Amino acid sequence: MGKKKDKGKKGKGIEKTTIKTEKKANKKFKKELVEKGEEDIEQLIAEYIEQDKNRLQTTEEITQPPTPRFNLSITPHPDADELFFFGGEYFNGNKTFVYNDLYVYKIKKDEWRLVKTPVTPPPRCSHQAVALSQGGGQLWVFGGEFASPTQSQFHHYKDLWVYHIAKKQWEKINAHGGPSSRSGHRMVATAKQLIVFGGFHDNIRNYKYFNDVYVFNLDTYVWTRVEPSGPHPSPRSGHQMAPLMGGSVLVYGGYSKEPVKRDVDKGTTHSDMFVLGIDQKKE
């Protein structure tokens, strides 16, 4: 009995130490932010959201091509000769910029248009976007990340948005039970559903790569985590994914890393390929 009590005390002691260490790290981190003159990342995002709310109407104007950026999404219109450019990030050597602007490129006219709406997803990069014909044309966006100007803070999203192309209107979809916050994932559309696989989450102090699969039903607006048939790909991000006939999905490559020892990680660039059979069976 004595040994069991000792083990219990030891477990509680480790837990208290972990909490104390975390509080100390957070206090030190907040002090560093003050020294850099940078706000908390949640406050930064809230300010962007408030700025968009102050926009009273939707506008679409002919403009110059997007400013330099990477990790944006480029999605072809499902029924017209147009491309949608959304989000992305840019580092000028001193400061990081993250965007939430929506550009439409008219292919035949060789013309750029910038669409601004009162309600818009917060700035992000490394998200995923898929365009569908239903409802007069829709652009679906899930997840992604936001980096603070000094790249000392990161926020990963788990929100789902749809841009109604004909109405020029963004709508946030409040559906529970979806994937956790992440970026670097992949999303495709097949058989009236969106399929999300993989990605990662990083808050500087630790990170996690995913190999879970979620399906969003485009009729019922319900998320379901599913267990694909066959062998499972290992956790990864930055892979490629393509829908196949019959509702299956092909996954190739990607990148992941894992800790070897303190402050040392081992990275892996994957070259394997899998076909995920989505059978809609819940885990």
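Residues numbered from 1 in each chain as written. Predicted model: local features only at pLDDT ≥ 70, side-chain atom pairs only at ≥ 80, totals over all residues. Heavy atoms only, no water.

**Q** Before we move on, can you summarise the overall build of the protein chain with the specific residues and values?
**A** Within the protein chain, the secondary structure is distributed over 2 helices and 20 strands. For the protein chain, with 283 residues in total, the buried portion stands at 42%. A sequence separation of at least 24 residues applies to 56% of the contacts in the protein chain between residues at least 6 apart. Summed over its atoms, the accessible surface of the protein chain is roughly 16400 Å², and 52% of this surface lies on carbon and sulfur atoms. (Helix = DSSP H or I, 4+ residues; strand = E, 2+ residues; numbered from the N terminus. Buried < 20%, exposed > 50% of the residue type's maximum accessible area, 1.4 Å probe, protein only. Contact = heavy atoms within 4.5 Å. Areas by Shrake-Rupley, 256 points an atom, 1.4 Å probe, with all protein chains shown as cover.)

**Q** Could you give me a rundown of helix H2 (residues 41-53), with the residues and numbers involved?
**A** Spanning 13 residues, H2 covers 19 Å between terminal C-alpha atoms, matching the ideal 18 Å at 1.5 Å per step. Those residues of H2 lying buried are Ile41, Leu44, Ile45 and Asp52. One face of H2 carries all of its buried residues, which in axial projection span an arc of 95°. In this structure, the buried residues of H2 make contact with strand E9 (138-147) and strand E10 (154-164). Backbone nitrogen of glutamate 42 and a side-chain oxygen of the N-cap are separated by 3.0 Å at the start of H2; the cap is aspartate 40. (Expected span 1.5 Å × (residues − 1). Arc of directions from axis to C-beta. Polar contact = N/O pair within 3.5 Å; in protein donor to acceptor, adjacent residues only side chain to side chain.)

**Q** Lay out the packing of aromatic side chains in plain terms, naming residues and giving numbers.
**A** Under the definition given, this model contains 17 aromatic pairs. Geometrically, the ring pair formed by phenylalanine 84 and tyrosine 163 is edge-to-face, given 6.4 Å between the ring centres and 65° between the ring planes. You can see phenylalanine 84 sitting in strand E3 (residues 82-86) and its partner tyrosine 163 sitting in strand E10, a full 79 residues away along the chain. Under the relative-accessibility criterion, phenylalanine 84 is labelled buried at 2%. When the ring of tyrosine 207 is compared with that of tyrosine 209, the centres are 6.0 Å apart and the planes differ by 80°; the resulting orientation is edge-to-face. Residue placement shows arginine 69 over the ring face of tyrosine 99; its charged tip is 4.1 Å from the ring centre. The ring of tyrosine 157 is capped by arginine 124, whose NZ or CZ atom sits 4.0 Å from the centre of that ring. (Phe/Tyr/Trp six-rings, centres within 6.5 Å; stacked < 30°, edge-to-face > 60°. Lys NZ or Arg CZ within 6 Å of the ring centre and 35° of its normal.)

**Q** I'd love a proper account of the pattern of salt bridges, names of residues and values included.
**A** All told, the structure shown has 11 salt bridges when counted by the stated rule. The salt bridge involving arginine 55 is made with aspartate 52; its shortest N-O contact spans 3.4 Å. For arginine 124, the salt bridge goes to aspartate 159, with nearest N and O atoms at 2.8 Å. A residue pair is termed long-range when its members are at least 10 positions apart, and arginine 124 in the loop between strand E7 (111-116) and strand E8 (128-132) and aspartate 159 in strand E10 qualify at 35 residues. Each member of the pair arginine 124 and aspartate 159 is classed as buried. Shared partners join several salt bridges into a network, and the residues in it are Glu60, Glu111, Arg113 and Lys168. (Salt bridge = Lys/Arg side-chain N within 4 Å of Asp/Glu carboxyl O.)

**Q** I'd like to hear about the sheet that holds E8, residue by residue, with values.
**A** Read across the sheet, 4 strands follow the order E8-E9-E10-E11 without closing on themselves; strand pairing throughout is antiparallel. Strands with a single pairing partner mark the edges of an open sheet, and in this sheet they are E8 and strand E11 (169-173). Strand-to-strand twist of the sheet, defined as the mean angle between neighbouring strand axes without regard to direction, takes the value 25°. Examined bridge by bridge, E9 and E10 share 9 bridges and lie antiparallel to one another. Pairing of glutamine 138 across the sheet is with histidine 164, part of E10. Docked against the sheet, H2 engages E9 and E10, running at close to 20° with respect to E10. (Pairing = 2+ DSSP bridges. Axes fitted to C-alpha atoms, helices over the stretch in contact; angles between N-to-C directions.)

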